[in-house]
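So you can see what is in the structure, the chains are spelled out below.
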Amino acid sequence: DSKTMYFSSESQRLKNYNKVPKDKLKYSKNMIFKASLVNSKWENIICLPINDIAFSSSNPCVSRDGKTLYFSSDRPGGFGGVDIWKVAIDNNGMPLGSPENLGSIINTEANESFPFISDDNSKLYFSSNGRNGFGAYDIYFYELYKEEGVKNLGNTINSKSDDFAFSFSEKTKIGFFSSNREGNDNIYMVKNTCKKDIDLLVQDKK
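What you see is a predicted model, and the numbers here were worked out from it, not measured in a lab. (Residues numbered from 1 in each chain as written. Predicted model: local features only at pLDDT ≥ 70, side-chain atom pairs only at ≥ 80, totals over all residues. Heavy atoms only, no water.)

(A) Representation of the overall build of the chain. The helix and strand tally for the chain stands at zero helices and 15 strands. Per-residue burial for the chain yields a buried fraction of 40% across its 206 residues. In the structure as shown, the chain presents an accessible area of about 11,300 Å², 47% of it carried by carbon and sulfur atoms. (Helix = DSSP H or I, 4+ residues; strand = E, 2+ residues; numbered from the N terminus. Buried < 20%, exposed > 50% of the residue type's maximum accessible area, 1.4 Å probe, protein only. Areas by Shrake-Rupley, 256 points an atom, 1.4 Å probe, with all protein chains shown as cover.)

(B) Up close: the side chain of asparagine 51. Of note, asparagine 51 is situated in the loop between strand E3 (41-47) and strand E4 (57-62). Reaching out from asparagine 51, the side chain makes a polar contact with the backbone oxygen of isoleucine 32 at a distance of 2.8 Å. Apart from residues no more than four positions distant in its own chain, asparagine 51 is found in contact with Met31, Ile32 and Ser57. (Polar contact = N/O pair within 3.5 Å; in protein donor to acceptor, adjacent residues only side chain to side chain. Contact = heavy atoms within 4.5 Å.)

(C) Representation of the sheet that holds strand E10 (residues 138-143) within the structure. One open sheet accounts for four strands, arranged E8-E9-E10-E11; its pairing is antiparallel. Edge positions in the sheet fall to strand E8 (112-117) and strand E11 (151-152), since each of these pairs with one other strand and no more. (Pairing = 2+ DSSP bridges.)

(D) Quick peek at the nonpolar core. With 20 residues, the main nonpolar core has Leu153, Phe166 and Phe177 as its most contacted residues. It is E10 that provides the largest number of residues to this core, a total of four residues. In this structure, Phe71, Trp85, Val87 and Ile89 belong to the second largest nonpolar core, which totals nine residues. (Core = buried A, V, L, I, M, F, W, Y, C linked by side-chain atoms within 4.5 Å.)

Here's what the structure looks like:
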């Protein structure tokens, strides 16, 4: 709605955080926060109740119908180190009930992260280092309403290095992702020229 933002930040941003000394950053966890746009400023920052000091939650992504929040977390009950989870959200953007693990179709014994939902709510894009891809982290997608399994975006996107944080606009047919294929994390732009997910071509590094 352009008035609500979800973001992840270290737990030490909490005003009442006093579990560990402030200089012990290694004990800090990632948490997901919600902010509202008020008079052109992001205010009313709320720490979501799905967070816990015992584990991290990050990489939030809201479905286009505004009903589901997807995120990555190493919370108990998963299949690997970091899994992708989801939780329903109410009309105020707050979680309803407990988070649900997306299961073994998406998650492996390794790490899955950076979920992104397509504009029509039909596809989940994510990164994984637990599958036989082209490199360490590859970008995959899963069609939520079909039982066809997870698909790799192919070597026009994925490299021998880490490729992650994919996003794409169905309207403009342009997207972005991150990769360390040149040694450092850089942002790349992609363009869909053939109207197929696996035909996305790398156009330029941003």
